[in-house]
Amino acid sequence: EDPKVLIHSKETEIALEEASSILHQKDGIVAFPTETVYGLGADARKSEAVLNIYKAKNRPADNPLITHIGSLKQLSELIDSTTQKNKLKGDSGLWENIPLVYKPLIDRYWPGPMSILLPIEGTEGSPVSKVVTAGQSTFAVRMPEHPVALALILKSKAPLAAPSANASTRPSPTLAAHVFHDLNGKLPLILDGGPCGVGLESTVVNGLCDPPVILRPGGISLEDIQSCGGVWSRTVVYKPTDDVEKKSFVPQTPGMKYRHYSPTAKVLLFEGMSEAEANDILQNDYLHANQNTKPPKIGVLTSCRWNVEKFSDMVSVSMCLGRTGKEIRRNLFSMIRDMDEKQIDIILVEGVESDHEGLAIMNRLGKAASAVYRSA
Ligand code: TXA
Ligand code: MG
């Protein structure tokens, strides 16, 4: 049975009704909060609406979208378009449509920041618009945990195709204000649900191959996935070089070839380096060479171990991302955007260990960075 939607405030009720009615139009798009980042959503069955997402974000057409569902029943019906058949199957029929390999993951981490790849039938069979999957033979789906996202999906009864609600190449939005900044004038409505708790995107998992592959590290860690046992204990993290080295390696993330999370400032990422080492690199490679031009504005983002006093007096802004992986990931995109607001030219970032939450954090920082420095 579909979960009940309980809405406590009249204001929220009105906002959700307005959002649903936009989603029911043939080309309607709406921005909404999820626990990871804000999404830019459209009914995944409406090609015209989904095309509008690509247009608003200026997203390359070959980068597929994640579909958001509110219940396993809704997912099952989406996979098996003959809803009639589903009704006859009853509840026990759910897992006839969803590959069983995902059951331990879904039981543990849905609703939550994990997207899984499902096979998609040939053209006529599936109600999911081909624009969503960008011609892939699989489609990515997740059940978000944010109450506003769930309420919107269940109220509109629409599976929502939704990428992050940033302009393409910009850091993902973790506040409604970030969406407004990037997309003002390009969409009719932003549902404001406050700051996103996780702060970076869902983990994208492909369990249709052995070993399973994490295509994008995110809110659920590699260790979390491996702890599900069975085939999942062998889960590996996708590396872009795999495609080149092993021609037979099928699963690929189309998103990987694009520029990502790029602030206007130049980001320098330091792994396991002291303040002095980072400072030397800054002086020698970035300041020394340009002595005749106006000095750049320098910002520092730490993981609270660097002592910013030890940097040259060139540093004009410093912020601590947080003391724990969870704090750091929650603040990361927002503080990178703050640095842009302060018109910083070069951001020095103190990296973290690449385990648990750190893997996704370092993945995003690596993509934002124009140079990465590791201690010898
Ligand atoms: O947390 C999230 O996942 C957020 C919120 C809004 O739910 N959404 C999000 O969507 O990050 P987007 O479009 O920014 O990222 C989707 C990622 C891309 O890297 C895309 O290439 C990959 O998922 N993807 C989607 N469908 C795929 C497929 N069939 N095969 C491989 N990768 C896929
Ligand atoms: Mg994105």
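These figures come from a predicted structure and were not determined experimentally.

S.K.: What's the story with the UniProt feature "binding site: L-threonine" (unreviewed entry) in the protein in this structure? I'm lost.
M.R.: Here, UniProt's "binding site: L-threonine" (unreviewed entry) annotation points to Thr36, His68, Arg142, Ala162 and Ser202. For the residues just named, distributed over 167 residues, the greatest C-alpha separation is only 12.5 Å, placing them together at one site. Among the structural elements, His68 can be located in strand β3 (residues 66-68). Residue class for His68 comes out buried when judged on the 29 C-beta atoms lying within 10 Å of it.

S.K.: Whenever I open this one, the UniProt feature "binding site: ATP" (unreviewed entry) in the protein confuses me. Can you help?
M.R.: Summarizing the sequence annotation, UniProt attributes the feature "binding site: ATP" (unreviewed entry) to Arg59, Asn63, Thr138, Ser164, Ser172, Arg216 and Tyr261 in the numbering used throughout. Look at the named residues: they lie 203 residues apart in sequence, and the longest C-alpha span between them is 25.0 Å, so in the fold they stay spread out. When you line up the elements, Arg59 lands in the loop between α2 (47-57) and β3. On the neighbour-count criterion, Arg59 (21 C-beta atoms within 10 Å) is buried. Setting aside chain neighbours within four positions, we find Arg59 in contact with Tyr54, Pro163 and Ser168. You can see Tyr261 is positioned in the loop between α11 (241-245) and β10 (266-271). In this view, Tyr261 contacts Pro171, Arg364, Lys367 and Ala368; residues no more than four positions away in its chain are not counted.

S.K.: Sorry if this is basic, but what is going on with the sheet that holds strand β14 (residues 371-374) here?
M.R.: Each strand in a sheet pairs with another by means of backbone hydrogen bonds, the pair being arranged parallel or else antiparallel. Ordered in space as β12-β11-β13-β10-β14, the 5 strands form an open sheet in which the pairing is parallel. At either margin of the open sheet sits one strand with a lone partner, and together these are β12 (315-320) and β14. Pairs of neighbouring strands in the sheet enclose a mean axial angle of 20°, with direction left out of account. The pairing of strand β11 (residues 298-302) with strand β13 (residues 346-350) spans 4 bridges and is classified as parallel. If you follow Val300 over to β13, its bridge partner there is Leu348.

S.K.: Help me out: how do you make sense of the environment of Ser21 in this one?
M.R.: Note that Ser21 resides in helix α1 (residues 10-24). A C-alpha to C-alpha distance of 39 Å links Ser21 and Leu359, two positions 338 residues apart in sequence.

S.K.: Please explain the sheet that holds strand β9 (residues 236-237) as it appears in this structure.
M.R.: Pairing in this open sheet of 9 strands is mixed, and the strands run β1-β2-β6-β3-β5-β4-β7-β8-β9 from one edge to the other. Each of the sheet's edge strands pairs with one partner strand only, and the pair in question is β1 (30-32) and β9. Each of β2 (39-43) and β6 (160-161) touches α2; the most contacted strand, β2, lies at about 155° to it.

S.K.: Honestly, the packing of helix α13 (residues 325-341) against helix α14 (residues 357-368) in this entry has me stumped. Any pointers?
M.R.: Taken N-terminus to C-terminus, the directions of α13 and α14 make an angle of 20°; their axes are 9 Å apart at the nearest point. It follows from the interaxial angle that α13 and α14 lie roughly parallel. By crossing handedness, the relation of α13 to α14 is classed as left-handed. When α13 is examined against α14, the residues Gly325, Lys326, Ile328, Arg329, Leu332 and Ile336 are found in contact with a partner set consisting of Glu357, Gly358, Ala360, Ile361, Arg364 and Ala368.

S.K.: Any chance you could explain the domain arrangement of the protein here in plain terms?
M.R.: Size of an interface: often given as the accessible area lost when the parts come together. Domain parsing of the protein yields domain 1 (10-253) and domain 2 (266-374). Using only C-alpha atoms to locate each centre, domain 1 and domain 2 end up separated by 31 Å. Counting residues at the interface gives 14 residues for domain 1 and 14 residues for domain 2. Considering only residue class, the side of domain 1 that touches domain 2 consists of 6 nonpolar, 7 polar and 1 charged.

S.K.: Explanation requested: the confidence of the model for the protein in the structure shown.
M.R.: When pLDDT is averaged across the protein, the result is 90; 88% of the residues are at 70 or more. Counting contacts from residues 243-251, a segment whose pLDDT is below 50, to residues more than four positions away or on other chains yields 8 contacts. Two summary scores accompany this predicted model of the complex, namely pTM at 0.92 and ipTM at 0.99.

S.K.: Please explain α13 as it appears in this structure.
M.R.: Count 3.6 residues to each turn of an α-helix, and residues three or four apart come out pointing the same way. The end-to-end C-alpha distance of α13, which contains 17 residues, comes to 24 Å, matching closely the 24 Å that a straight helix rising 1.5 Å per residue would cover. Largest kink in α13: about 45°, centred on Leu332. Every buried residue of α13 is accounted for by Ile328, Arg329, Arg330, Leu332, Phe333, Ser334, Met335, Ile336, Arg337 and Met339. Elements in contact with the buried residues of α13: α9 (176-183), β11, β12, β13 and α14. Just downstream of α13, Gln343 is the residue with a positive phi angle, here 55°.

Rules used in this analysis
- By convention here, each chain's residues receive numbers from 1 onward along its written sequence.
- Think of it this way: whatever chain is written first is A, whatever ligand is written first is 1, and the rest follow in order.
- At least 70 in pLDDT is required for a residue's local features to be given in this predicted model, at least 80 for side-chain atom pairs to be given and counted, and no such filter applies to totals for whole chains, interfaces and linings, which use all residues.
- UniProt positions are given in the numbering used here, feature names are shortened, and annotations may be inferred rather than shown by experiment.
- Helix and strand definitions follow DSSP, with helices as H or I runs of at least four residues and strands as E runs of at least two, each counted in order from the N terminus.
- Exposed residues have 12 or fewer other C-beta atoms within 10 Å of their own C-beta, buried residues have 20 or more, and residues in between are partly exposed; the C-beta atoms are placed from the backbone.
- Whether two residues are in contact depends on their C-beta atoms, placed from the backbone: they are in contact if these lie within 7 Å.
- Between any two strands, at least two bridges found by DSSP are needed for them to pair.
- Axes here refer to lines fitted to C-alpha atoms; in helices the fit is confined to the stretch in contact. Angles between the N-to-C directions go from 0 to 180 degrees.
- Just so you know how the angles are binned, under 35 degrees is roughly parallel, over 145 roughly antiparallel, 65 to 115 roughly perpendicular, and the rest oblique.
- Left-handed is the label given to a crossing in which the near helix is rotated counterclockwise from the far helix by less than a right angle, and right-handed is the label when the rotation is clockwise.
- For every domain, the bounds stem from an assignment made automatically or drawn from a database.
- Ten residues, namely Ala, Val, Leu, Ile, Met, Phe, Trp, Tyr, Cys and Pro, are considered nonpolar, four, namely Asp, Glu, Lys and Arg, are considered charged, and the remaining ones, Gly among them, are considered polar.
- Here pLDDT means the predictor's own confidence in every residue, given as a number from 0 to 100.
- Under the convention used throughout, the expected extent of a helix is 1.5 Å for every residue step, that is, one less than its residue count.
- One fitted axis covers the seven residues ending at a residue, a second covers the seven starting there, and the bend at that residue is the angle between these axes.

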